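What follows is each chain in one-letter form.
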Amino acid sequence: MKTHVGGLDRGLRIGGGLALPALAATGTVGAWGWIGALPLATGLLRTCPAYTLPGFDTCPGKPASAR
């Protein structure tokens, strides 16, 4: 599996992915908060299916040929 989710992107995904389900579990937001599991998974796995289609890559330091 190709990794293409970089550091800042990964941190924001994991942070939001933890916050949204926590808010949903406490009843602060509606059931839609469970959608936070998606950014959490993509942050932990460092890959995003939506990035694959346009070829988007936020990993720093990769040579252009590896992207």
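Being a predicted model, the structure only gives us computed values, none of them experimental. (Residues numbered from 1 in each chain as written. Predicted model: local features only at pLDDT ≥ 70, side-chain atom pairs only at ≥ 80, totals over all residues. Heavy atoms only, no water.)

**Looking at the overall build of the chain**
- Secondary structure assignment for the chain yields three helices and zero strands.
- Overall, the chain shows an N-to-C arrangement of helices and strands of α-α-α.
- On C-alpha atoms alone, the chain measures out to a radius of gyration of 14 Å, which is more than a quarter above the 11 Å that the 2.2 N^0.38 rule sets for 67 residues.
- With respect to the principal axes defined by its C-alpha atoms, the chain has extents near 45 × 20 × 15 Å.
- Once local pairs closer than 6 in sequence are excluded, the contacts in the chain between residues at least 24 apart make up 66%. (Helix = DSSP H or I, 4+ residues; strand = E, 2+ residues; numbered from the N terminus. Rg over C-alpha atoms; globule rule 2.2 N^0.38 Å. Contact = heavy atoms within 4.5 Å.)

**Digging into the environment of Tyr51**
- With respect to the secondary-structure elements, Tyr51 resides in helix α3 (residues 49-52).
- Using a relative accessible area of 14% as the deciding quantity, one classes Tyr51 as buried.
- Spatially, the C-alpha atom of Tyr51 lies 17 Å from that of Ile14, the residues being 37 residues apart in sequence.
- If sequence neighbours within four positions are ignored, Tyr51 has contacts with His4, Val5, Asp9, Arg13, Phe56 and Thr58.
- In this structure the side chain of Tyr51 is engaged in a polar contact, spanning 3.2 Å, whose partner is the side chain of Arg13. (Buried < 20%, exposed > 50% of the residue type's maximum accessible area, 1.4 Å probe, protein only. Polar contact = N/O pair within 3.5 Å; in protein donor to acceptor, adjacent residues only side chain to side chain.)

**Some details on unusual backbone geometry**
- Positive phi, normally seen in glycine, also occurs at Arg46, with a value near 60°.
- Looking at the secondary structure, you find Arg46 in the loop between α2 (37-45) and α3.

Everything listed here is a matter of geometry and, on its own, says nothing about what the molecule does.
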